[in-house]
Every structure is written in structure tokens, then in C-alpha cells.
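Summary of structural features
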Amino acid sequence: MTHFHWLYDGSIVGVYLLVTMAAGIAMRRHVGRLEDYLVAGREMDLHLGIASLAATEFGIITCMYTAQAGYTQGFSGAMPGICQALAMALIGLTGFCIKPLRQAGAMTLPEMFEHRFGKKVRTLSGVVIVMGGLLNMGVFLQIGGKFLCTVAGFDLSNLTLIMTALLLMVVVYTVLGGMLSVLVTDFLQFVVMSAGLLVVSVLLLKNIGWDTLVDTVRKHHGEGGFNPLAGSGPGWPFLLNQFVANAAAALTWQAVIVRILSARDSTTSQRIYTRTSFFFVCRFLLPGIWGIAALATLGWHPLKQLTTSERAAIPEAIQWKIAASTVGAPLAALTPEETAGLASETQARLADASLLAMPEFLGGFLPVGLMGLLIAAMLAADMSTNSSYMLSWGSVIYHDILAPFRKRPHSDARAILWNRCIVALIGLYLLVFGLFYKIEGNVWSYLLLTGSIYLSSMSVLLIACCYWKKANDWGAIGGILLGAAVPVAHLTLEKLPSTAAWAASLGKDVPGLAAFATAALGMILGSLLKPRIKAAASA
């Protein structure tokens with residue numbers, strides 16, 4: 001039973017939405033140039049940058065996959081946050097790549113690549129960035145809608161309506177105000193989000209207790225719930241992939257580096273990274289604790305996700321296997337034939353059991369009033385993430401894929417109009433993709449793998465662009481193609497019936513690491529091969 005109250009909690013949520021929408025739309029009158037729309041005129045200061053980056057990188061999707069990690073992996077599930085915090089701090093302290101990136105004065109990463117590798121590389125890198133980014137973001141609305149439906153006690157049949165409402169609110173002020181609207185609303189959303197996170201976490205620790213959480217992790221996950229390298233833990237591939245992928249994201253994830261590109265100078269951009277770094281530990285740890293609390297309170301009962309008729313259609317022997325399964329893996333003990341015998345909707349509901357545990361727990365745990373604060377905080381987090389991401393991918397589509405084909409650049413007014421149309425179309429794509437795509441396995445692993453479609457190659461290109469004199473366009477193209485090939489192949493194999501079981505057994509960490517290795521190999525071989533061929537031709 002949820003404690004959501006339409007009058008009290010609904011009023012809190014309604015007031016927050018009105019204030020946010022008004023602030024976002026009001027920034028429209030300050031947008032006069034394309035630079036204002038895409039990078040806020042490069043006038044972002046330190047404190048606004050910290051709030052904006054923190055708000056953008058914590059959405060409902062973040063809360064859901066970090067809570068799922070806590071539910072299925074215990075405290076080891078917070079390791080990605082620790083890895084990301086270390087990466088952000090090291091990059092901020094040294095200025096590695098981000099200092100020359102800001103000093104280059106580019107508005108996107110591909111624009112910087114054009115100066116070193118040529119226009120073809122700019123266009124190709126733009127295509128890969130957009131493909132990886134939109135595949136990654138495509139599930140945001142779906143996950144956000146599931147959270148709101150579950151925590152407020154709505155039937156999941158309302159998911160389409162919730163997704164559409166979420167999308168429309170964000171699209172309106174993002175289309176009109178661009179990055180200026182994103183920054184202003186990010187600040188408001190950061191305040192509300194932080195308040196919600198802290199209040200819920202304190203209440204949870206007070207009522208459930210730290211000892212109960214520790215005992216729950218030990219009971220369900222053993223030593224692996226505390227140490228990711230223990231026998232039952234995720235292991236070295238998981239840990240290594242987390243650090244490499246999170247470091248690459250800090251260097252090249254467009255929604256993150258747009259704060260670097262919008263900062264007043266390179267010194268400000270470095271300080272934003274160092275002072276935001278610890279937030280990424282909290283980003284994983286606090287919702288992870290919520291997930292552990294859900295496991296302590298609700299336990300692991302995946303069959304409860306099914307309707308009576310769906311459960312009756314499953315043979316008792318298979319029901320027993322599902323009930324006795326490892327936390328977060330309801331179908332792992334079934335044979336391929338047994339899994340194929342389950343309806344696709346049944347499989348999807350069972351797969352969502354660990355994902356929906358946290359909102360189901362909070363819906364019955366939080367009292368009236370605090371439920372409204374939680375939903376307002378999660379909406380704040382989600383609106384910030386969605387607006388920034390839509391603008392980020394839209395800017396790459398216009399600035400690096402479409403605009404270079406024009407002999408004469410558009411006027412600022414026409415360029416802004418194009419960007420607004422692109423953002424609106426991205427919103428439509430998100431709605432359609434979110435309705436039909438089904439995630440296979442852990443949400444965070446999916447996001448990391450889809451992100452590696454471009455994180456692997458773009459991080460290699462950026463490092464080579466800044467620090468390797470022999471890097472050239474052949475190496476850049478080789479890095480892009482090989483870096484994208486591995487994760488795309490793995491995602492395809494997951495969807496083919498004949499290879500789905502093999503792809504699942506392989507996991508997502510090994511393909512993720514392979515993407516970085518092949519991207520680096522493509523850059524090195526391509527860059528070294530081109531001069532040799534030229535030399536041979538001249539001889």
C-alpha cells in the first residue's frame with residue numbers, strides 16, 4: 001500500500017512543477033545567439049556548474065539503477081560511484097584533457113576533432129556520439145514512469161500517460177530556453193533533489209537501522225556484498241570496467257563536458273570536477289542503501305510481480321526455481337527451454353522485480369507529506385537529466401552532423417530554430433523507444449554498455465588529439481569503427497534467440513572493456529599505417 005495522498009503530496013509536487021516550469025520558460029528572452037542556446041554564453045560560474053552537473057547526473061534512472069545495484073549486490077553496488085569520484089577528482093586536479101578541451105573554444109567534442117583529424121572524423125564522431133547517447137537515454141522515460149507508477153500506487157497501465165507528461169514538461173522549457181533554461185532549472189532541482197535524498201536517507205536509517213542493513217547484505221550476498229573482489233562479488237572485470245568507463249565518461253560524455261565547455265575558463269572547469277567528485281559517491285551510496293532497505297523489508301519474492309493468471313500459467317517446478325533464485329536473477333536457474341516457455345510479458349515482469357523493489361518499499365515506508373517531497377525530488381532529478389541530455393545530443397546533431405554540410409552558416413535565429421526542432425524530435429524518439437524497448441539484465445550494465453559505443457572511441461580520440469603527435473584521421477576512423485563494433489554486436493546478440501544465452505553468460509563488463517581495447521587498437525594501427533603507405537607510394 002502506498003501512502004501517496006492526492007491533496008497533500010499532490011500539492012507539493014504541483015507547486016514544485018509550476019515554479020520550475022516558470023523559471024525555465026522565463027529564460028527564453030535571454031537567448032539571442034546560438035552560443036547562448038548551446039553553452040549559456042560560456043558564462044557559467046563555479047557554484048552553478050557544481051549544482052548543474054550534480055543535478056544532471058542524478059535522475060530517476062540514476063536512483064533506480066543504483067538502488068537496484070544495492071538490492072542485488074549489497075554495498076559492492078556502490079563501487080561505480082567510488083570509481084567515478086576518483087576519476088573526476090584526478091581529471092579535475094590534473095586538467096587531463098579537459099583543460100585543452102576548454103581552451104580550444106569548441107562547443108562540442110567533434111568540433112575539436114575537426115581541427116586535428118578533418119571534417120569526416122567530425123561527422124563520423126558526431127554520428128557515433130548521437131547513436132550511443134540516444135540508445136543510452138532511450139530507457140530514461142520508461143524507468144522514470146515505472147518509478148512514479150510504483151511509488152504512487154498507480155497501475156502500470158498508466159505508464160504511457162506518465163511518460164508523456166514527463167516528456168512534455170521537460171521539452172517545453174528546454175526547447176524554448178536551451179542551456180540557459182537547463183542551468184537555471186538545474187539549480188532549483190539540485191536544492192529539491194538534495195533535500196529529498198537527505199531526508200529520506202536519515203528517516204530510513206533511523207527506522208530500519210544500520211545493523212539491519214549490514215545483516216541483510218551478509219545474509220543475501222555474503223562477503224561479496226561488501227567486497228566486490230570476494231568469491232561471490234562481481235570480480236575484477238566489473239571493477240576495471242567501472243573505472244575505465246567512468247573515467248571515459250568524465251572526459252567525453254557530452255552531457256557532462258558541456259559544463260566544461262560552458263565554464264568561464266579552464267580553471268573553473270577543473271574546479272567543477274574536483275568539487276563535484278564526492279557527490280558521485282553519494283549518488284550511488286544513498287539510493288543503494290534504499291535498495292538494501294527494500295531487501296531487508298520486502299525480501300526477494302519475484303513471483304509477487306505476476307498477476308494470478310500469469311502465475312497459474314507457470315508449472316510448479318519452474319515456480320519453485322524462480323522463488324529460490326539468486327536475488328536479482330529470477331530466470332538464471334531455468335534452462336533455455338524453460339525460459340522460452342514463459343510469456344514475454346511474464347519474463348519482463350520478473351526481470352523488473354529487483355528494479356521496482358525500491359519504489360515499492362518507499363511507497364509504503366514514507367508518510368504523507370514526505371511522499372510528496374520524495375516525488376518532487378525525483379521529478380527534479382529526472383527533469384534536470386532529461387533536459388540536459390536532450391540538449392546535448394541535439395547540439396551534436398545540429399552542430400556536427402548537419403551544419404558542416406552547409407556552405408554558409410545559418411544565422412543565429414535560424415540555427416536556434418533548428419536546434420529547437422531537433423530537441424523536440426529527440427523527445428518524440430524517447431517516447432517511442434521507451435514504450436517498446438525491453439532491457440536485458442541490470443539497468444546500469446545496459447547504460448554502461450550502450451555508453452561505451454562512443455565512450456570507448458571518443459576517449460581514445462580525445463587523448464590522442466591532446467597528447468599524441470602521430471595520431472591522424474586514419475587512426476581516428478579506425479578507433480571509432482572498432483570501438484562501436486563490440487557493444488553494438490553484443491546488444492544485437494542479446495536479442496537473437498540463438499545467441500541470447502551466450503551473450504547473457506558473457507555479461508556486459510567484458511564487452512565493455514573490449515570496446516576500449518579495440519578502439520585503442522584501431523587508433524594506433526590506423527595512425528601508424530597511413531604514413532607507411534604514403535612513404536611507399538612516394539618511393
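Read on for a plain summary of the structure.

About the cut-offs
- Residues numbered from 1 in each chain as written.
- Predicted model: local features only at pLDDT ≥ 70, side-chain atom pairs only at ≥ 80, totals over all residues.
- Heavy atoms only, no water.
- 1 Å grid on protein atoms, 1.4 Å probe; cavity = no way out; pocket = protein on both sides within 12 Å on 5 of 7 lines; lining within 4 Å.
- Points joined across faces, edges and corners; volume = space filled by probe spheres on them.
- Helix = DSSP H or I, 4+ residues; strand = E, 2+ residues; numbered from the N terminus.
- Nonpolar A, V, L, I, M, F, W, Y, C, P; charged D, E, K, R; others polar.
- Buried < 20%, exposed > 50% of the residue type's maximum accessible area, 1.4 Å probe, protein only.
- Polar contact = N/O pair within 3.5 Å; in protein donor to acceptor, adjacent residues only side chain to side chain.
- Axes fitted to C-alpha atoms, helices over the stretch in contact; angles between N-to-C directions.
- Parallel < 35°, antiparallel > 145°, perpendicular 65-115°, else oblique.
- Contact = heavy atoms within 4.5 Å.
- Salt bridge = Lys/Arg side-chain N within 4 Å of Asp/Glu carboxyl O.
- Core = buried A, V, L, I, M, F, W, Y, C linked by side-chain atoms within 4.5 Å.
- Patch = residues over 30% accessible without salt bridge, like charges linked within 9 Å, V, L, I, M, F, W, Y side chains within 5 Å.
- Areas by Shrake-Rupley, 256 points an atom, 1.4 Å probe, with all protein chains shown as cover.
- Disulfide = S-S within 2.5 Å.

**A look at the layout of surface pockets**
Counted as a void, the second largest pocket has a volume near 810 Å³. Listing elements by their share of the lining of the second largest pocket, those giving two or more residues are helix H9 (140–152), helix H10 (159–208), helix H19 (344–351), helix H20 (357–365) and helix H22 (412–436). Among the elements that line the lining of the second largest pocket, the one with the most residues is H9, at 4 residues. Partitioned by chemical class, the residues of the lining of the second largest pocket number 8 nonpolar, 10 polar and 8 charged.

**Here we look at the side chain of Glu 494**
By the secondary structure assignment, Glu 494 is in helix H24 (residues 473–495). Residue Glu 494 is classed as buried on the basis of its relative accessible area of 10%. A distance of 2.7 Å separates the side chain of Glu 494 from the side chain of Lys 508, its partner in a polar contact.

**Some details on the packing of helix H11 (residues 210–221) against helix H15 (residues 279–298)**
Where H11 meets H15, the axes come as close as 9 Å, and the angle between the chain directions of the two elements is 75 degrees. It follows from the interaxial angle that H11 and H15 lie roughly perpendicular. Residues Trp 210, Thr 212, Leu 213, Thr 216, Val 217, His 220 and His 221 of H11 touch H15, and the partners they reach there are Ile 289, Ile 292, Ala 293, Leu 295 and Ala 296.

**A word on the pattern of salt bridges**
In this structure the tally under the stated criterion is 10 salt bridges. Across the pair Arg 122 and Asp 400 runs a salt bridge, and its minimum N-O distance is 2.8 Å. Taken together, the residues Arg 122 in helix H8 (residues 119–137) and Asp 400 in helix H21 (residues 370–402) connect sequence positions 278 residues apart. The class for Arg 122 is buried, based on a relative accessible area of 9%. Among the ionic pairs, Glu 494 bridges to Lys 508, the shortest N-O distance being 2.7 Å.

**As for empty space enclosed by the protein**
Within this structure, the stated rule accounts for 2 cavities of 30 Å³ or more. The calculated volume of the largest cavity comes to roughly 240 Å³. Of all the elements in the fold, those that place two or more residues in the lining of the largest cavity are helix H4 (60–73), helix H12 (236–252), H21 and helix H23 (443–467). When residues of the lining of the largest cavity are assigned to their parent elements, the largest contribution, 5 residues, is made by H23.

**What to know about the nonpolar core**
Ranked by internal contacts, the top residues of the largest apolar core, which has 153 residues, are Tyr 273 and Leu 374. Top element by residues in this core is H21. It accounts for 18 residues. The residues contacting Leu 374, other than those within four sequence positions of it, are Phe 147, Val 151, Val 200, Trp 290, Leu 362 and Leu 366. Within the second largest apolar cluster, 9 residues are counted, among which are Leu 303, Ile 322, Leu 334 and Leu 350.

**A short note on a nonpolar patch on the surface**
A surface patch of nonpolar side chains, amounting to about 500 Å² of accessible area, comprises Leu 425, Leu 428, Val 432, Leu 435 and Phe 436. With respect to the secondary-structure elements, Leu 435 resides in helix H22.

**Section: unusual backbone geometry**
The phi dihedral of Cys 97 is positive, around 70 degrees, even though this residue is not glycine. Relative to the assigned elements, Cys 97 resides in the loop between helix H5 (79–94) and helix H6 (98–103). Taking the relative accessible area as the measure of exposure, Cys 97 reaches 0% and is therefore buried.

**Some remarks on the environment of Ala 323**
Tracing the sequence through the fold places Ala 323 in helix H17 (residues 316–323). Residue classification places Ala 323 among the partly exposed positions, given a relative accessible area of 41%. Residues Ala 323 and Pro 359, 36 residues apart in the sequence, show an inter-C-alpha distance of 21 Å.

**Some points on the state of the cysteines**
Here the structure, examined in full by the defined rule, presents 0 disulfides. Residue Cys 149 stays outside any disulfide, its sulfur separated by 16 Å from that of Cys 63, the closest cysteine. On the basis of relative accessible area, Cys 149 is assigned to the buried category, the value being 0%. Cys 282 takes part in no disulfide bond, and the closest cysteine sulfur to it belongs to Cys 63, at a distance of 13 Å.

Keep in mind these numbers describe shape, not what the thing actually does.
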